[in-house]
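Per-entry structural report
Residue strings, one per chain:
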Amino acid sequence: MTDAGIPARRPIREIVLYFLRLGTIGFGGPVALVGLMEKELVQERQWLTKEEMRDAVAVSQSLPGPLAIQVGIFIAYLRGGFWGAWAGGWAFILPNFLIVSALGALYVHFGGLSWMTGVFYGVAPAVIALIAHSCYRLAKLGMDDWFQWVIAAACFIVTIWLEAEVAILFIGAGILGIAYYGSLFRRASAPTSLLALLPVGIGTAISPAAGTLWQLLVFFLKAGSLTFGSGLVIVPFLEKSLVQEYGWLNPREFLVAVAIGMMSPGPVVITATFVGFLVAGFWGSLISTIGIFLPSFILILIVAPILIRHRANPNVQGFVQGAYGAAIGTILGACVLLGKVAIGDWLTALIAAGSLAVLFRFKVINPLLIGATAIIGLIAFPLLQPDWAMIK
């Protein structure tokens, strides 16, 4: 239920234009993108209430698939209905698809992009700062009491300990939220809508006789359906399959693909587009992009209508509050794990600390920060030649 003064719907054209812009200038990874949506759509444009934004984040984090695109689809559904969700979601993806496809073509044509390592060296620690700052904003948005912080602390520890985001954490946190905030365990009847909040996976096998395009489609459908948490968690899954199992990419090509996914605007899992281009050209990039994002549309469009219909139910609210705490904890844990990869010497530590200070002190836009740190990386990398920067 929206507050007075906040429109129930927006024109689809307006939704498309917003997400085209976000997909063009939204740098910094999934958490930074969600933080930008919160800033622009809750605080500035007032398209959403805080409660609606919290629902979008908690439900998206509890489902398999990339976080940022699912939050975007959820928001587009709230303000534009079924067709608004499809139009807004693909508008979010389109600019990044075009950019990464062009980079893939350049990479193939010139036999590699050696400058990408230097850019990644400077940008990666700034991305860590963007994630940390956005997590702070998200915590202010939806962390209401001590119980959510207990859940967040537990999920943070488990994420660091296992060095991965674990799907069951979100479901378990949601159940704890029902027990603490809801009425299900207080002899109230269970809402059938909670069943829709359980994760759904598409387990498909890749036929050895199938063509490369079919293999790419099935592989990325499975990746988009079975990978939980933020888009960043898809990286180890892709490395194991693309490099070790299929041999489609060598380790250097995979690192370049990840770097492009992190540095380009829009969702991080656009890495799939670059991978698809390297494996099978333009059609490979198109098929891979559809495969990685299609499950998100299906899952959100199944869950969103049920959640909206039952959002006043205390058990649904409890699930959302518990899952939101898990989201904050796992995001912070992923920030620490990624920091180990992105920060390896005094300069990258300085870039990360300086970027965080700038984000808290000034209203700097993400593209400006990314551009400045990319220039630092291009200048400093040839001078310092840090070997660790190309080690996974």
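What counts and what doesn't
Residues numbered from 1 in each chain as written. Predicted model: local features only at pLDDT ≥ 70, side-chain atom pairs only at ≥ 80, totals over all residues. Heavy atoms only, no water. Helix = DSSP H or I, 4+ residues; strand = E, 2+ residues; numbered from the N terminus. Buried < 20%, exposed > 50% of the residue type's maximum accessible area, 1.4 Å probe, protein only. Contact = heavy atoms within 4.5 Å. Areas by Shrake-Rupley, 256 points an atom, 1.4 Å probe, with all protein chains shown as cover. Axes fitted to C-alpha atoms, helices over the stretch in contact; angles between N-to-C directions. Left-handed = near helix turned anticlockwise from the far one by under 90°. Nonpolar A, V, L, I, M, F, W, Y, C, P; charged D, E, K, R; others polar. 1 Å grid on protein atoms, 1.4 Å probe; cavity = no way out; pocket = protein on both sides within 12 Å on 5 of 7 lines; lining within 4 Å. Points joined across faces, edges and corners; volume = space filled by probe spheres on them. Expected span 1.5 Å × (residues − 1). Polar contact = N/O pair within 3.5 Å; in protein donor to acceptor, adjacent residues only side chain to side chain. Disulfide = S-S within 2.5 Å. Core = buried A, V, L, I, M, F, W, Y, C linked by side-chain atoms within 4.5 Å. pLDDT = per-residue confidence, 0-100. Phe/Tyr/Trp six-rings, centres within 6.5 Å; stacked < 30°, edge-to-face > 60°. Lys NZ or Arg CZ within 6 Å of the ring centre and 35° of its normal. Bend = angle between axes of the 7 residues up to and from the residue.

Things to note about the overall build of the protein
Across its full length, the protein holds 14 helices and zero strands. Out of the 392 residues belonging to the protein, those deemed buried represent 57%. Sequence separation of at least 24 residues holds for 78% of the intrachain contacts in the protein that already meet a minimum separation of 6. As presented, the protein carries roughly 16,100 Å² of accessible surface, and 68% of it is formed by carbon and sulfur atoms.

Looking at the packing of helix H5 (residues 115-142) against helix H13 (residues 346-361)
Relative orientation of the contacting elements H5 and H13 amounts to 40°, with a least axis distance of 8 Å. Our pair here, H5 against H13, has a crossing hand that is right-handed. Side by side, H5 and H13 meet where Tyr121, Gly122, Pro125, Ala126, Ala129, Leu130, Ala132, His133 and Tyr136 of the first sit next to Leu347, Thr348, Ile351, Ala352, Ser355, Leu356, Leu359 and Phe360 of the second. For the contact of H5 with H13, the per-class residue count stands at 13 nonpolar, four polar and no charged.

Describing empty space enclosed by the protein
Per the stated rule, a full pass over the model turns up four cavities of 30 Å³ or more. What the largest cavity holds in volume is close to 40 Å³. Lining the largest cavity are Phe120, Tyr121, Ala124, Val341, Ala342, Thr348, Trp388 and Ala389. The class makeup of the residues in the lining of the largest cavity is seven nonpolar, one polar and no charged.

Thoughts on the environment of Ser134
Positionally, Ser134 belongs in helix H5. It is 8.1 Å that separates the C-alpha atoms of Ser134 and Leu33, two residues lying 101 residues apart in sequence. Among residues more than four places away in sequence, those in contact with Ser134 are Val31, Ala32 and Gly35.

Overview of helix H12 (residues 314-342)
Look at H12: 41 Å from first C-alpha to last across 29 residues, which is about the 42 Å you get at 1.5 Å a residue. A large share of H12 lies buried, amounting to 22 of its 29 residues. Near the N-terminus of H12, the side chain that reaches the backbone nitrogen of Asn315, with its oxygen 2.8 Å away, is that of Asn313.

Things to note about the state of the cysteines
Taken as a whole and assessed by the stated rule, the structure comprises zero disulfides. With no disulfide of its own, Cys135 has Cys335 as its nearest cysteine by sulfur position, at a separation of 7.5 Å. A relative accessible area of 2% means that Cys135 is categorised as buried. What makes Cys335 buried here is its relative accessible area of 11%.

Quick word on unusual backbone geometry
Of note, the phi angle at Gln46 is positive, near 55°, even though the residue is not glycine. Topologically, Gln46 is positioned in the loop between helix H2 (29-44) and helix H3 (50-62). Gln46 sits in the partly exposed class, given a relative accessible area of 46%. Notably, Gln385 is not glycine yet its phi reads approximately 45°, a positive angle.

Brief notes about the nonpolar core
Counting residues in hydrophobic clusters, the biggest one holds 104 residues, and the most contacted among them are Phe19, Met37, Met53, Val71 and Phe220. Sequence-distant contacts of Met37, defined by excluding residues within four places in its chain, comprise Tyr18, Phe19, Leu22, Val42, Met53, Ala68, Val71, Gly72, Ile75 and Phe92. The next biggest cluster of nonpolar side chains, apart from the first, holds eight residues, and it includes Phe147, Cys155, Leu169 and Phe170.

Brief notes about the confidence of the model for the protein
Mean pLDDT over the protein: 80, with 82% of residues reaching 70 or higher. Looking over the protein, one finds the lowest element-wise mean pLDDT in helix H9 (residues 234-245), namely 69, and the highest in H13, namely 94. Low pLDDT, under 50, characterises residues 188-210; the stretch is placed with 46 contacts to residues that sit more than four places away or in other chains.

Concerning the packing of aromatic side chains
By the definition in use, this model includes 20 aromatic pairs. Geometrically, the ring pair formed by Phe19 and Phe92 is tilted, given 5.6 Å between the ring centres and 45° between the ring planes. Here Phe19, found in helix H1 (residues 12-25), pairs with Phe92, found in helix H4 (residues 67-110); they are 73 residues apart in sequence, far enough to count as distant. Classification of Phe19 as buried rests on a relative accessible area of 1%. A network of ring pairs unites the aromatic residues Phe82, Trp83, Trp86, Trp90 and Phe297 as a single cluster. Here the guanidinium or amino end of Arg45 rests over the ring plane of Trp47, the centre of that ring lying 5.7 Å away.

Structural notes on the packing of H1 against H4
Contact geometry of H1 with H4 gives a least axis separation of 7 Å together with a crossing angle of 40°. Here H1 and H4 pass one another in a crossing that is right-handed. Here the contact of H1 with H4 is built from residues that sort into 14 nonpolar, seven polar and one charged.

Description of helix H11 (residues 271-309)
For H11, with 39 residues, the first-to-last C-alpha span of 35 Å runs short of the 57 Å given by 1.5 Å per residue. The largest bend in H11 comes to about 145°, at Ala280.

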